[in-house]
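Commentary on secondary and tertiary structure
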Amino acid sequence: TACAEPGRGSEAYTSIEAIESIMPPSNNKGFELHFAKESPPLLAITMARLAKQEVALKRVTGSQVATLVFPLGRATLAGEEVIARYFARVAPASAGLYGPATAGAPDALAASQIDEWVERSKEIAVSKGSDLDAHLAILNRHLRMRAAMAGYALSLADAAIWI
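Criteria and thresholds
- Residues numbered from 1 in each chain as written.
- Predicted model: local features only at pLDDT ≥ 70, side-chain atom pairs only at ≥ 80, totals over all residues.
- Heavy atoms only, no water.
- Helix = DSSP H or I, 4+ residues; strand = E, 2+ residues; numbered from the N terminus.
- Contact = heavy atoms within 4.5 Å.
- Pairing = 2+ DSSP bridges.
- Axes fitted to C-alpha atoms, helices over the stretch in contact; angles between N-to-C directions.
- Buried < 20%, exposed > 50% of the residue type's maximum accessible area, 1.4 Å probe, protein only.
- Lys, Arg positive; Asp, Glu negative; His and termini not counted.
- Salt bridge = Lys/Arg side-chain N within 4 Å of Asp/Glu carboxyl O.
- pLDDT = per-residue confidence, 0-100.
- Parallel < 35°, antiparallel > 145°, perpendicular 65-115°, else oblique.
- Nonpolar A, V, L, I, M, F, W, Y, C, P; charged D, E, K, R; others polar.
- Core = buried A, V, L, I, M, F, W, Y, C linked by side-chain atoms within 4.5 Å.
- Expected span 1.5 Å × (residues − 1).
- Arc of directions from axis to C-beta.

**Concerning the overall build of the chain**
Of the regular secondary structure elements, the chain holds 6 helices and 6 strands. Along its sequence from the N terminus, the chain presents helices and strands in the succession α-β-α-β-β-β-α-β-β-α-α-α. Nonlocal contacts in the chain, meaning residues at least 24 apart in sequence, comprise 59% of its contacts between residues at least 6 apart.

**Some remarks on the sheet that holds strand E4 (residues 76-78)**
Pairing within the open sheet is mixed, and its 4 strands lie in the order E2-E1-E3-E4. Lying at the two open borders of the sheet, with one neighbouring strand each, are strand E2 (55-60) and E4. Here the average twist between neighbouring strands, direction ignored, is 20°.

**Let's talk about the side chain of Glu32**
Within the element layout of this structure, Glu32 appears in strand E1 (residues 31-36). The buried charged residue Glu32 lacks any salt bridge, with Lys58 as its nearest oppositely charged partner at 4.4 Å.

**Digging into the confidence of the model for the chain**
In this model, the chain carries a mean pLDDT of 84, and residues with pLDDT of at least 70 account for 81%. Note on residues 1-14: pLDDT under 50 across the span, and 27 contacts to partners over four residues away in sequence or across chains.

**Description of the packing of helix H2 (residues 42-50) against helix H3 (residues 80-90)**
Here H2 crosses H3 at 10°, and the two axes come no closer than 8 Å. Considering their axes alone, H2 and H3 lie roughly parallel with respect to each other. Contact residues: H2 offers Leu42, Leu43, Ala44, Met47 and Ala48, while H3 offers Glu80, Glu81, Ile83, Ala84, Phe87 and Ala88. Looking at the contact of H2 with H3, its residues break down into 9 nonpolar, no polar and 2 charged.

**What to know about unusual backbone geometry**
For residues other than glycine, phi is negative in most cases, and the peptide bonds are mostly trans. In this structure, Lys52 is a non-glycine residue whose phi angle is positive, near 60°. Mapping Lys52 onto the fold places it in the loop between H2 and E2. Using a relative accessible area of 70% as the deciding quantity, one classes Lys52 as exposed. Positive phi outside glycine occurs at Leu72, with the angle close to 60°. The residue Leu72 is located in the loop between strand E3 (67-69) and E4 in this model. The class for Leu72 is exposed, based on a relative accessible area of 66%.

**Examining the nonpolar core**
Membership of the largest hydrophobic core comes to 35 residues, with the highest contact counts inside it found for Leu33, Met47, Val55, Leu68, Ile83, Phe87 and Leu156. Every element with two or more residues in this core is listed here: E1, H2, E2, H3, helix H4 (108-126), helix H5 (129-143) and helix H6 (156-162). Setting aside residues up to four positions removed in sequence, Phe87 forms contacts with Phe31, Ala44, Met47, Ala48, Ala51, Gln53, Val55 and Leu68.

**Topic: H5**
The terminal C-alpha atoms of H5 lie 21 Å apart, and with 15 residues this matches the ideal 21 Å at 1.5 Å per residue to within 8%. Among all positions in H5, only Leu132, His135, Leu139 and His142 are buried. The buried side chains of H5 occupy one side of the element, clustering within an arc of 85° when seen end-on. In this structure, H5 carries Ser130, Asp133 and Asn140 as exposed residues pointing more than 90 degrees from its buried face. Buried residues along H5 sit against H4 and H6.

Written as C-alpha cells, this is what we have:
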C-alpha cells in the first residue's frame, strides 16, 4: 500500500512493490511511467488507476523527474502533476476527476479550482513549522463546510492534498 500524511509528500510510508503488483507488466504498446526509485509519483499513479488507464511502472536511476511515455513512444509528459492532470482529464466524465462536466463540457471554474489546490499541495508538501501551520489552518477553514476540495465530489485536488 502507499499513503502519506498531508504535507509530507511521497517520502512517507511508500511501498512501490505493492503499487507495482497492481500495475500491468511493460510493453511498448501501453503507457510507461519512468521515475526515480526513491520517489515514486504517487499522485500520477493514483490518477492513472482512478482513470482506469494501464500504466507500466519503470524505476530508473538518475532520473529526478517522473516521465510518462505514451504508447509506441509517440509523446512524453514530464512532471508528476502534469502527468496526474493528463490522467484526470482523460478519465471518464462520470469519474469527475477534473471536476463535473456541464452540458458535456468540463466546468472551467471547477477545473481551475482543482488546479489551484494542486499548486497549493506542492507548497504544503515543502512547508515546515509556522508556514505549515498557516497552510493547514487554510485547509481546515476551507474544509469546514465541505467534503471535497473543489466541487462536490472527490477529484484530483483531493488526491493532491492527501498524497
